[in-house]
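# Report on the structure
Residue strings, one per chain:
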Amino acid sequence: MYKYWPYDETQFFLEDTATGAFRIETPWLITRIQVAAASPEYNALLQMVQNRENIEVQDMLLVSKILAELSKYPIAYQLPRRDENFGQDIHQAHSRTYHDNPSELGRSMGIVNPGDVPKDWLWDHEAALTFAACGRASEEKYDPLCLLSIARRFHYIDTVENKMDILYRKIENLEDPKDRKAALAIVVRQNHYVAEKCHQALETALMTAQSQAAKIQKFMAEGKSQDKILAAGLEALGLKSEQVPVTPSIKMLMHVFEQSARIHFLGFCLSLDFFEKPEFKETDSLAKALTRINADKASQILEAHKNINAHGEHEGLSSRLLEAMAPVSKEYALQALRMAELVSHYIAQTPTDLNQMIFND
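Described below are features of the structure shown in this document. (Residues numbered from 1 in each chain as written. Predicted model: local features only at pLDDT ≥ 70, side-chain atom pairs only at ≥ 80, totals over all residues. Heavy atoms only, no water.)

This part covers the overall build of the protein chain. In terms of helices and strands, the protein chain carries 15 helices and 5 strands. Relative to the globule expectation of 21 Å for 361 residues, the C-alpha radius of gyration of the protein chain, 21 Å, shows essentially globular dimensions. Along the longest, intermediate and shortest principal axes, the C-alpha atoms of the protein chain span 60 × 55 × 40 Å. For the protein chain, the proportion of its 361 residues judged to be buried stands at 52%. (Helix = DSSP H or I, 4+ residues; strand = E, 2+ residues; numbered from the N terminus. Rg over C-alpha atoms; globule rule 2.2 N^0.38 Å. Buried < 20%, exposed > 50% of the residue type's maximum accessible area, 1.4 Å probe, protein only.)

If you want it as structure tokens, here you go:
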């Protein structure tokens, strides 16, 4: 059984003693759970509220069990498995380079303009490797699922400031209805471009997926019409995809994602997780913005797109793909983390690029 431990940012609060209601809070998510009052689980969570640093081992195990039931929420690390005899798929680095700076990684992926990549790495890769080590430290083997949970936390930190909602409000304040519709069409087009290129990246990943190819093929079959649905959303706004520009960050995002799929299955899976994040809001934010400018048909199409993703249980795909991966080397783990960081950077950059494209500021 997998073991879990809360992210550094995850906090626990007791809301109701009588009902055993607890609130679990991070900067990016709030959720609530209920356990039987005075039960061992209740006492373990109470320790997380009152004295997390000195929690007893038996309570740690109970907290892990509770977090396992909440594994779809981005609130916890998946701890490294200490038994190294897991996973039948052996993945190895094609080169021994660690990509010491983003420019080096960018060049290896065909990005020649230094301005297209960040200057420095910001994630703490060494701490990530130390945390994800399985077995003896001298053997330098790392748990892919633990690395996934670490990369997920870093990505949520990168994107915790919800700049898209700020952008939507700014668009809604435009005086001319035509300008509002044109601005949101640009946002829809970014989603459409991602859907198009994501399908291509998934096809590419089949070359490196080993035993997981069938899962990718199933996922592709479930999502094969997503770009067409988003194209219909654009048409409902009176535009075709070729009439609407794509931001530089989205182009770079999908380029790096496809290159990862080609050469590095772990890097691809860590990045894929950022695309398939669970949606905890009842209504799609973009669909909601379209409704507020009276673009109801486009809104309904975007909401249908969200529902297809929800019913297909797309979230958690990366975890399922990595269940068969054996422990990986330091080179392979570090390369994956840095590919994922580059993808996360471009996702975080997208609202700024959209603001520049729409408002020229």
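This is not the end of the story, as more comes after the structure.
Now for the packing of aromatic side chains. Geometrically, a pair of aromatic rings is defined through the distance of the ring centres and the angle of the planes. The full count for this structure, using the stated rule, is 9 aromatic pairs. A ring pair is formed by Tyr7 and Trp28, whose centres lie 6.3 Å apart and whose planes are at 65 degrees; its orientation type is edge-to-face. Of this pair, Tyr7 sits in the loop between β1 (4–6) and β2 (11–16) while Trp28 sits in the loop between β3 (21–26) and β4 (29–34), and the two are 21 residues apart along the sequence. Of the two residues examined, Tyr7 and Trp28, each falls in the buried class. Ring geometry for Tyr77 against Phe131: centres 4.7 Å apart, planes inclined by 40 degrees, an arrangement best described as tilted. (Phe/Tyr/Trp six-rings, centres within 6.5 Å; stacked < 30°, edge-to-face > 60°.)

This part is about helix α6 (residues 163–172). Looking only at α6, the buried set comprises Met164, Leu167, Tyr168 and Ile171. In an axial view of α6, the angular spread of the buried residues amounts to 100 degrees, which keeps them on one side of the axis. Buried residues along α6 sit in contact with α7 (177–205), α12 (285–292) and α15 (330–359). (Arc of directions from axis to C-beta. Contact = heavy atoms within 4.5 Å.)

So, on to the packing of helix α11 (residues 265–275) against α15. For any two helices packed against each other, one specifies the inter-axial angle together with the distance between the axes. At a minimum axis distance of 8 Å, the contact between α11 and α15 shows a crossing angle of 30 degrees. By the criterion of interaxial angle, the relationship of α11 to α15 is roughly parallel. As for how α11 packs across α15, the hand of that crossing is right-handed. Contact residues: Phe265, Leu266, Gly267, Leu270, Ser271, Phe274 and Phe275 in α11; Tyr332, Ala333, Ala336, Leu337, Met339, Ala340, Val343, Ser344 and Ile347 in α15. When its residues are assigned to classes, the contact of α11 with α15 shows 13 nonpolar, 3 polar and no charged. (Axes fitted to C-alpha atoms, helices over the stretch in contact; angles between N-to-C directions. Parallel < 35°, antiparallel > 145°, perpendicular 65-115°, else oblique. Left-handed = near helix turned anticlockwise from the far one by under 90°. Nonpolar A, V, L, I, M, F, W, Y, C, P; charged D, E, K, R; others polar.)

To continue, consider the sheet that holds β4. Sheet strands line up and pair through hydrogen bonds in the backbone, either parallel or antiparallel. The antiparallel open sheet is built from 3 strands, whose spatial order is β2-β3-β4. Both edges of this open sheet fall to β2 and β4, since each of them pairs with a single strand only. Across the sheet, the mean angle separating the axes of adjacent strands is 25 degrees when strand polarity is ignored. Sheet strands in contact with helix α1 (residues 40–50) are β2, β3 and β4, and its direction is about 120 degrees off that of β2. (Pairing = 2+ DSSP bridges.)

What follows is about the side chain of His91. Here His91 shows up in the loop between β5 (76–78) and α3 (102–108). If we ignore the near neighbours within four places in the chain, the residues touching His91 are Thr208, Gln210, Phe265, Met325, Val328 and Tyr332.

In this section: the pairing of β4. Residues Leu29, Thr31 and Ile33 of β4 are buried on one face, while the alternating residues Ile30, Arg32 and Gln34, pointing to the opposite face, are not. In terms of strand pairing, β3 meets β4 through 6 bridges, oriented antiparallel. What sits directly across from Ile24, in β4, is Thr31. Between the end of β3 and the start of β4, which pair antiparallel, lie 2 residues.

By rolling a water-sized probe across the atoms, one finds the places where empty space is left. In this structure, the second largest pocket encloses a volume near 450 Å³. Forming the walls of the second largest pocket are 27 residues, and the residues nearest its centre are Ser71, Lys72, Arg152, Gly316 and Ser319. Of all the secondary-structure elements, those providing two or more residues to the lining of the second largest pocket are β5, α5 (144–158) and α14 (317–322). Considering every element that reaches the lining of the second largest pocket, the biggest residue donor is α5, with 5 residues. Broken down by class, the residue content of the lining of the second largest pocket amounts to 13 nonpolar, 5 polar and 9 charged. (1 Å grid on protein atoms, 1.4 Å probe; cavity = no way out; pocket = protein on both sides within 12 Å on 5 of 7 lines; lining within 4 Å. Points joined across faces, edges and corners; volume = space filled by probe spheres on them.)

The next point concerns the pattern of salt bridges. Where charged atoms of side chains with opposite charge meet at close range, the side chains can pair. Under the counting rule described, the total for this entry stands at 11 salt bridges. Residue Glu9 pairs with Arg153 through a salt bridge whose shortest N-O separation is 2.7 Å. Here Glu9, found in the loop between β1 and β2, pairs with Arg153, found in helix α5; they are 144 residues apart in sequence, far enough to count as distant. Note that Glu222 is salt-bridged to Lys218, the shortest N-O span being 2.7 Å. (Salt bridge = Lys/Arg side-chain N within 4 Å of Asp/Glu carboxyl O.)

Purely geometric numbers; function is a separate question.
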